[in-house]
Every structure is written in structure tokens, then in C-alpha cells.
Amino acid sequence: MRTSKLPGLLFFTALGTASATFLAAAYFARRVVVPSTSRREDLEVKRVLSTEEGALHIELPSTPLTTAPGRYSLWFSSGKGHARIGGVVDEDTRAGTVTRLVERVDSGDLHDARAGIWSGYAYSKPEQLGLPFEHVMVQVGGGIAPAWKFPATTDGQAASTWAIHVHGMGGKRAGALRGVPVAHKLGLTSLVVSFRNDGDAPPSFDARYSLGQNEWLDLEAAIQFAMDHGAERLVLFGWSLGGSMALRASDLSVHSDRIVGLVLIAPVLNWTETLTSNGSSSGLPGPASRLGLKMLGVAAGRWVTGLEQPIDLSALDWVARAGDLKKPTLILHGARDKSTPMAVSERLAELRPDLIQLERFDVPGHSLEWNGDTEKWDAAVSNFLKSLSAD
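Residues numbered from 1 in each chain as written. Predicted model: local features only at pLDDT ≥ 70, side-chain atom pairs only at ≥ 80, totals over all residues. Heavy atoms only, no water.

Draft legend 1. Spatial organisation of the packing of helix α3 (residues 216-228) against helix α4 (residues 241-252). The interhelical angle for the contact between α3 and α4, taken along N-to-C directions, is 65 degrees, at an axis separation of 9 Å. Judged by the sense of rotation from one axis to the other, the crossing of α3 with α4 is right-handed. Contact with α3, carried on its side by Trp 216, Leu 219 and Ile 223, involves Met 245, Ala 246, Arg 248, Ala 249 and Leu 252 of α4 and no other residues of that element. Class assignment of the residues belonging to the contact of α3 with α4 gives a composition of seven nonpolar, no polar and one charged. (Axes fitted to C-alpha atoms, helices over the stretch in contact; angles between N-to-C directions. Helix = DSSP H or I, 4+ residues; strand = E, 2+ residues; numbered from the N terminus. Left-handed = near helix turned anticlockwise from the far one by under 90°. Contact = heavy atoms within 4.5 Å. Nonpolar A, V, L, I, M, F, W, Y, C, P; charged D, E, K, R; others polar.)

As C-alpha cells, this is what we get:
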């Protein structure tokens, strides 16, 4: 009796496993493309202290991120509060805590914060750079996308070389402000842009990310804006997803001949490997990740993903397409980036040493290279931009 039931038991077990894999894959595929409207404030704020000298300190749990050198920020009060966090002033290894300097509080009451989000947004507003700027509007396919323009002059004339700064997935344009000071110092006008589904620019028709496949069209609109306002040469700064967008624009833009260089910070160069890595680190089995990626790439997956059109991941694989690259490129990438592995950047740099310069940073987390070593970051970008001017 028991052995006669075994085939049926195996069948239903297999069926259950297949169903679980499908559901996990569907969840994975949707999570990749559906914009997140909020993030959980999962970093405990143990206490905020005012010193006798008038300085403000914050005590946090010790983690690789909170103990890393450099300048970071903390978002709190459901994103309404923001503080810039400076260097470590004390670490209690027995208690598992670290105390850091609070350089400034931009908004909210930090003393009331009980938890927050650790971030690389050293600037939350353009005013904090201390540079002249203006609010401008870029005409994109779905309407108007707001941007910040930081004008610069060279020999008393309006700068003819512009830097266009593009933030990453799930972020805001304030995250790209970190690249403006060095560009401005070298006489480049900066345009810090928004793009579809980031909460500032108009959403796409399907309200879904397309991993750069379509977002680059909003970057193209920003390029057109720059050309219409006096730009003759362009450098594209792309952070994470913004890096993928910059590569696509350099390949497809009608003004590609005016793009003289790319500065890519922790760029996504191969979405298949990046997403598989993220799925694995989240405990998602390999078969579910692979199936989820297939759902993104076929029209039949639309009922799961909500995408208006499938995503051609092969067209976004810049390692496989290394031979198509034509622009001098500086890549700045952290060795301990688990979200977008630096190994992919290393492979691309090995394939195209004639065009690509890779600057490695020993910093944990994603897109935190500037935060961990601002001096090194600025020097690498400055040297790269000067080399473009010499060409």
C-alpha cells in the first residue's frame, strides 16, 4: 500500500515544487520592475547626543556600513528628515555600537528619530552645494521632467561642455549631486536630471522600470535640452541604472557624436548577472531567478510583470557588447558592492582597456564610492575630465 502511493506522492511533491518556483519567479520579476514608493527605516537610532562643545553625535548599531570611513546620510521620519553623517568618533565593540559626528541636519528633528535609512545622499538639496543653480524643465515623452542646472563659465564665457548627471533605480536626482562640485570646478555646466518613474518625472505608460531600455529616452531629452541651451560637448555621469542609461544613450543618441566621455559609478553592465546576484543574496533559488528573468523578456510575461513591452536583456549586456563601445569611460566601483558586483566592471575593463579606466574603491555597499573616499573619487574624475579636454 505504501509503495503504491509513492508515485502519486512524488507527483504532487513535484507539482508543489514547480508551483513554488513559479510563484517565487513571478514575485521576483514584479519586484524588479515595479517602482518602490517607500523604504523601510530599518537602522535603529540608539541615541542622539549634544556635546559640551556644541557638536551633535549619533549612536548607531555597528555594521560594515555604519563603521565605514567617510560621509553619509540618514533619512528618517518617513523620508521627511535628513541628516548628513560625518566620521566615526567612537566605537564600542562590546556593546556593538558606533558613534558618528552629525555634520548637519537638513530637515526634521533628529532627536525624535528612532530609526532611519543609511544612504549615500550627502546632499539632499541643491542649495547645499553652495553653487549657483536654477530649476529647469526638460520636455520628455510623458510631459515635463524637472532638473537642476548648475551653470559654469570658462574665460568669462558660458561653458560649452556640459555634464549630465543621472541617478540610479529607486533613487532621486539628489543622489547625483555628489558629482557636481568636481564638474563645476573644471568649468562644466551640470544638469542633474529626473527620469520616468522616479517620483519627480512623469511615469511611463505602464508605470514600470525597463532597466534602461526606455528610460534612456528621458536622458536623450536632457541631452537635447543641453544642446538647445549652448552645449557643444557632453559628459554623461551615470549612477547604477543611470550608468546603463548613459551607455545606451552613447550608443543610440542622435547627438552621440557630441558625447565625449562617460563617468559611470557602480554601473549595471549586465542585468542578468546583477539580478541573479541580488536574487541569490536574498535567498532566491537559481531556478526561480532564471524563470523570473525569462518573464521579463517575453510578451507572455506581461500579465505577471505589467510591462508594456518585454525587456531585451541582451541589448543591455555591455560585457557581451564590449565591441560596440566607442566612448572613453571612467568606471568607479566598490570592491564590496554586493548589489552590482565589481567583477562585471573588471571584465569589461579587461575587454576594452583602450577605452575603459576602472578605479577601485574599498567601500561596502552600493554607489558609495564618493562617500568612502571623496578625495580619491574627485581626483579620478578630475584627471579623467582633463584627459578629455586634451583630446
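Further notes follow.
Draft legend 2. A look at the pattern of salt bridges. This structure, assessed with the given rule, holds 14 salt bridges. A salt bridge links Arg 84 to Glu 103; the nearest nitrogen and oxygen atoms lie 2.7 Å apart. You can see Arg 84 sitting in strand β5 (residues 81-92) and its partner Glu 103 sitting in strand β6 (residues 97-107), a full 19 residues away along the chain. A relative accessible area of 6% means that Arg 84 is categorised as buried. Residue classification places Glu 103 among the partly exposed residues on the basis of a relative accessible area of 37%. Close ionic contact of Glu 273 with Arg 347 constitutes a salt bridge, the shortest N to O distance being 2.6 Å. Here Glu 273 is found in helix α5 (residues 271-281), whereas its partner Arg 347 is found in helix α8 (residues 342-351), with 74 residues between them in sequence. Using a relative accessible area of 29% as the deciding quantity, one classes Glu 273 as partly exposed. (Salt bridge = Lys/Arg side-chain N within 4 Å of Asp/Glu carboxyl O. Buried < 20%, exposed > 50% of the residue type's maximum accessible area, 1.4 Å probe, protein only.)

Draft legend 3. Representation of the sheet that holds β6 in the model. Sheet architecture is open: seven strands sit in the order β1-β7-β4-β5-β6-β3-β2, paired in antiparallel fashion. With one partner strand each, in any of the chains shown, β1 (43-44) and β2 (47-50) form the two edges of the open sheet. Pairing analysis gives four bridges linking strand β4 (residues 72-76) to strand β7 (residues 115-119), with the strands arranged antiparallel. The residue bridging Leu 74 from the neighbouring strand is Trp 118, located in β7. (Pairing = 2+ DSSP bridges.)

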